[in-house]
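Commentary on secondary and tertiary structure
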Amino acid sequence: MAKDNAMEIDDQKSIVPDQTNSNPKFSIHVLQLLKSAQMQHGLRFGDYTRYRRYCTARLRRLYKSLKFTHGRGKYTKRAIQPSMVTEVRFLHVVLYTSERAWSHAMEKRQLPDGPNARQRRYLIGRLRKAVKWATFFAELCALKGDSRTSLEAEAYASYMKGNLLFEQDQNWDIALKSFKSARAVYEELGKYGDLENQVLCRERVEELEPSIRYCLHKIGESNLQASELLQIGEMEGPALDLFKAKLEAVMAEARSQQAASMTEFTWLGHRFPISNAKTRVSILKAQELEKDLHGPKGESVPAEKRLVIFDKIFAAYHEARSSIRNDLANAGNSENMKDDLSGLDKAIGAVLGQRTIERNQLLVSIAKSKLNKSRDDKNDRATKPEELVRLYDLLLQNTADLSDLVSSGRDRKPEEVAFAEECEIKSSIFRAERCFNLAKSYSLAGKRTEAYSLYRRACSLADTSIKRLQSSTTADQEVLKDLKVLYNESRSNSCIEHALGIMELEKAPEKLSEKISTMSLTAKEMKLSNFLLDKLEAYESAVGDANTRGAPRIETFPPAFQAVPRNPIVLDLAYNSIEFPALDNRMKKDKKGLLSRFWG
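This one's a predicted model, so the numbers in the text were calculated from it and none came from an experiment. (Residues numbered from 1 in each chain as written. Predicted model: local features only at pLDDT ≥ 70, side-chain atom pairs only at ≥ 80, totals over all residues. Heavy atoms only, no water.)

1. A short note on the overall build of the protein chain
The criterion, for reference: Each helix corresponds to a stretch of at least 4 residues labelled H or I by DSSP, and each strand to a stretch of at least 2 residues labelled E; elements are numbered beginning at the N terminus. What sets the accessible areas is the Shrake-Rupley method with a 1.4 Å probe; for residues, cover comes only from the shown protein chains.
Along the backbone of the protein chain there are 18 helices and four strands. Here the protein chain has roughly 37900 Å² of accessible surface; of this, 52% comes from carbon and sulfur atoms.

2. Details of the environment of Cys55
This is how the line gets drawn: Note on definitions: a residue-residue contact is assigned when non-hydrogen atoms from the two residues lie within 4.5 Å.
Following the sequence through the fold, Cys55 ends up in helix H3 (residues 48-66). When the C-alpha atoms of Cys55 and Ala101 are compared, they prove to be 9.3 Å apart, with 46 residues separating the residues in sequence. Among all residues touching Cys55, those that are not within four sequence positions of it are Tyr96, Glu99 and Arg100.

3. Some details on the pairing of strand E3 (residues 264-267)
Inclusion rule: Think of it in three bands: with a 1.4 Å probe and only protein chains considered, a residue is buried below 20% of the maximum accessible area for its type, exposed above 50%, and partly exposed in between. Any two strands between which DSSP finds at least two bridges are classified as paired.
Side chains Phe265 and Trp267 of E3 all project onto a buried face; the interleaved residues Glu264 and Thr266 project onto a face where none is buried. With four bridges connecting them, E3 and strand E4 (residues 270-273) associate as antiparallel partners. Directly across from Phe265, in E4, lies its bridge partner Phe272. Taken together, E3 and the strand that follows it, E4, pair antiparallel across an intervening segment of two residues, in which Leu268 is found at a positive phi of about 50°.

4. Considerations on unusual backbone geometry
For Asp169, which is not glycine, the phi dihedral falls at a positive 60°. On the secondary structure map, Asp169 appears in the loop between helix H6 (147-168) and helix H7 (172-189). Here Asp169 falls in the partly exposed class, since its relative accessible area comes to 43%. The residue Asn171 is not glycine, and still its phi comes out positive at about 55°. Mapping Asn171 onto the fold places it in the loop between H6 and H7.

5. Some details on the pattern of salt bridges
Definition in use: What counts as a salt bridge is simple: a side-chain nitrogen of Lys or Arg found within 4 Å of a carboxyl oxygen of Asp or Glu.
Going through the model one piece at a time under the given rule, you end up with 20 salt bridges. Where Arg120 meets Glu167, a salt bridge forms, and the shortest distance between an N and an O atom there is 2.4 Å. Of this pair, Arg120 sits in helix H5 (residues 117-144) while Glu167 is found in helix H6, placing the two residues 47 residues apart along the sequence. Arg120 sits in the partly exposed class, given a relative accessible area of 27%. Where salt bridges share partners, they join Lys35, Arg204 and Glu207 into one cluster.

6. With respect to the packing of H6 against H7
The criterion, for reference: Helix axes are fitted only over the stretch in contact, all axes being lines through C-alpha atoms; the angle between N-to-C directions runs from 0 to 180 degrees. Any angle that is under 35 degrees is reported as roughly parallel, and any over 145 degrees as roughly antiparallel; angles of 65 to 115 degrees are reported as roughly perpendicular and all others as oblique. Should the near helix be turned counterclockwise from the far one by less than a right angle, the crossing is left-handed, whereas a clockwise turn marks it as right-handed. When residues are sorted by character, Ala, Val, Leu, Ile, Met, Phe, Trp, Tyr, Cys and Pro go into the nonpolar class, Asp, Glu, Lys and Arg into the charged class, and all the rest, Gly among them, into the polar class.
In the contact formed by H6 and H7, the axes pass within 8 Å of each other and the chain directions differ by 150°. Relative to H7, H6 is oriented roughly antiparallel. Note on packing geometry: the crossing formed by H6 with H7 is left-handed. Across the interface between the two elements, Arg148, Leu151, Glu152, Ala155, Tyr156, Ser158, Tyr159, Lys161, Gly162, Asn163, Leu165 and Phe166 of H6 pack against Trp172, Ile174, Ala175, Ser178, Phe179, Ser181, Ala182, Val185, Tyr186 and Leu189 of H7. For the contact of H6 with H7, the class distribution of residues is 14 nonpolar, five polar and three charged.

7. Observations concerning a nonpolar patch on the surface
What counts here: Exposure above 30% relative accessible area and the absence of a salt bridge qualify a residue for a patch, where like charges join within 9 Å and nonpolar side chains (Val, Leu, Ile, Met, Phe, Trp, Tyr) within 5 Å.
Taken together, the side chains of Leu532, Leu533, Leu536 and Ile554 present a nonpolar region at the surface, about 360 Å² in accessible area. By the element assignment, Leu532 lies in the loop between helix H17 (477-517) and helix H18 (594-598).

8. Describing the packing of aromatic side chains
The criterion, for reference: Ring pairs shown here join Phe, Tyr and Trp side chains whose ring centres sit within 6.5 Å, with only the six-membered ring taken for Trp; geometry is labelled stacked below 30 degrees between planes, edge-to-face above 60, and tilted in between.
Inspection of every chain in the model, using the stated rule, returns 15 aromatic pairs. Seen in terms of ring centroids, Trp133 and Phe136 are 6.3 Å apart; in terms of plane orientation they differ by 70°. Their pairing is edge-to-face. Taken together, the residues Trp133 and Phe136, both in helix H5 and three residues apart, mark about one turn of the helix. Overall, Trp133 belongs to the partly exposed group, its relative accessible area being 24%.

9. Focus: H7
Defined as follows: By this rule the span expected of a helix is its residue count minus one, scaled by 1.5 Å.
Over its 18 residues, H7 runs 26 Å from end to end, which matches the ideal 26 Å to within 8%, given 1.5 Å per residue. Trp172, Ala175, Leu176, Ser178, Phe179, Ala182, Arg183, Val185, Tyr186 and Leu189 are the residues of H7 that are buried. Lining the buried residues of H7 we find helix H2 (30-40), H6 and helix H8 (195-219).

10. Thoughts on the nonpolar core
The cut-off we apply is this: Note on terminology: a nonpolar core comprises buried Ala, Val, Leu, Ile, Met, Phe, Trp, Tyr and Cys residues joined through side-chain atoms within 4.5 Å.
Counting residues in hydrophobic clusters, the biggest one holds 64 residues, and the most contacted among them are Tyr51, Ile80, Leu91, Tyr96, Trp102, Phe137 and Tyr186. Looking at this core, the elements that each hand over two or more residues are H2, H3, helix H4 (88-109), H5, H6, H7 and H8. At 11 residues, H4 tops the list of elements feeding residues into this core. Dropping the residues within four chain positions of it, Leu91 is found in contact with Phe26, Ile28, Val85, Phe137, Leu140 and Cys141.

11. Some remarks on the state of the cysteines
Cysteine pairs can be covalently joined through their sulfur atoms, and such a bond is termed a disulfide. Convention followed: When two cysteine sulfur atoms are found within 2.5 Å, that pair is recorded as a disulfide.
For the structure on display, the rule yields zero disulfides. With no disulfide of its own, Cys459 has Cys495 as its nearest cysteine by sulfur position, at a separation of 8.8 Å. Residue Cys459 is classed as buried on the basis of its relative accessible area, which comes to 7%.

12. Side note on the confidence of the model for the protein chain
This is how the line gets drawn: Confidence scores here are pLDDT values: one per residue, from the predictor, ranging 0 to 100.
When the pLDDT values of the protein chain are averaged, the result is 80; 80% of them are 70 or greater. Segment residues 1-22: pLDDT under 50, and 28 contacts once partners within four positions in sequence are set aside and those in other chains are kept. In this model residues 523-528 is a low-confidence stretch, pLDDT under 50, and it forms six contacts with partners more than four residues away in sequence or in other chains.

13. Comments concerning the environment of Glu139
Inspection of the secondary structure assignment puts Glu139 in helix H5. Assessed through its relative accessible area of 47%, Glu139 is described here as partly exposed.

14. Describing the packing of H2 against H3
In the contact formed by H2 and H3, the axes pass within 9 Å of each other and the chain directions differ by 125°. As far as their axial angle goes, H3 and H2 are oblique. Pair H2 / H3 crosses with right-handed handedness. Contacts from Leu34, Ala37, Gln38 and Gln40 of H2 reach H3 at Arg50, Tyr51 and Tyr54. Considered class by class, the residues forming the contact of H2 with H3 number four nonpolar, two polar and one charged.

Below is the structure:
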């Protein structure tokens, strides 16, 4: 609420009255105002619902502050006329009304399964409403705003008009003209003003460029390929969300056409027929994403983007398996169809297992790159050896599951046997890596005996893996090189741990004698320790270094024993010599009846 009030104050300050003219000219930095509102209220994360609610609340506050309400009980429409615009907030009302309609349309565009026919008609209607208000905003700014505000309003209206035609899949030449008009304005505005405004204008030009190239592609004036469209779709920004939705729809249509020619799925020498069109589309989507990882440009893709691609691959293959299992449930008594569907499900499950191993290996490489980073780097946390141990545990489990899945068939083909052997080699490599990192964890904890034993075990496992990999016909030389490095590091670290253990063993009696010599039964020596309550006058930390794990030294607990005087012993010697008087005559006697005299 404070930000909105501040924004209203800024808006009032942005009024630039012309003293020589009776009609004041208002100034609004349209792009800067909208970009700030969008980033602060949901569009940083693509949340159009939150931004639409913000626009509604903003309009309510503007109506109330301007006393431009539409009746208390019954709604009475009040239209804004140019003669009524005496404050800049009237222009804000029109602008945020357009933004609310646009964000509502984008909210419908982002439905999980896409908008149906009825929702699409509503979406188009909201975009028409946004174009209507944006055009009215440009007309008002032409009359009431300065030249820069009028120019920005024209660019905003052209952009909204291009969005409407872009979504309608028609009049691509007019859409192209609208986007180019908006781009030309922002290119010109990016040459002037402060640095923030120049940066925002350049960003908007970059966001408009993909839509322009797509319009040229639809008209036929560009030889843009599908791969280039996908690269454009990787850009970020609210202005690109409509383009991304359109691109995804185009790619889905292309996959459906390509899936018509896809009749079977090949895996390790097996061919499984695919009859369901939805299954074919999901598999094609996953295979297209796999080309981005394993293609010629796959190595240049950053690690964060590779993780996102892996997530999309998993989602596509899970959709395919869901379709296959639905077909299995509806297969009836057809044994041949059930066998084919079960084999296809097994094959896709194996491919999923392979991609899971690749993703976890990518996580290992990311963790290893952060292993030797200093703790002073606040932006990136250093990796601990225990985290690598956990990742290798996951890899061992993934490899075991994949090996069990491949070995579950009766008649195994040579490809399956070779694949199972490859899984065993990977498992032995992962065990060696896990043992090495576990040894490093024990070494950091100061446990020399355990660290030495684990380093020797890692050296043995690495040697075994090297021999098995060298005997394989499809040995990866990079993996072989890494294994040799692991073997040498394990061997050298085991020697270091052995030497450190002997040194600590030799120094143990000396350290023990030093500790015993400093021991005292009195509490005088305790004052030499760095406890907080002993140094209240000195500014010295009692918590310790951030890199250490020691407990804070505030006060000794339990407290030391102290000598205290005890109470004197009092003996009552006169008690045994006192003769007390008899009190029998004062005691009350019981009265007994007739029967009690006979039976006591």
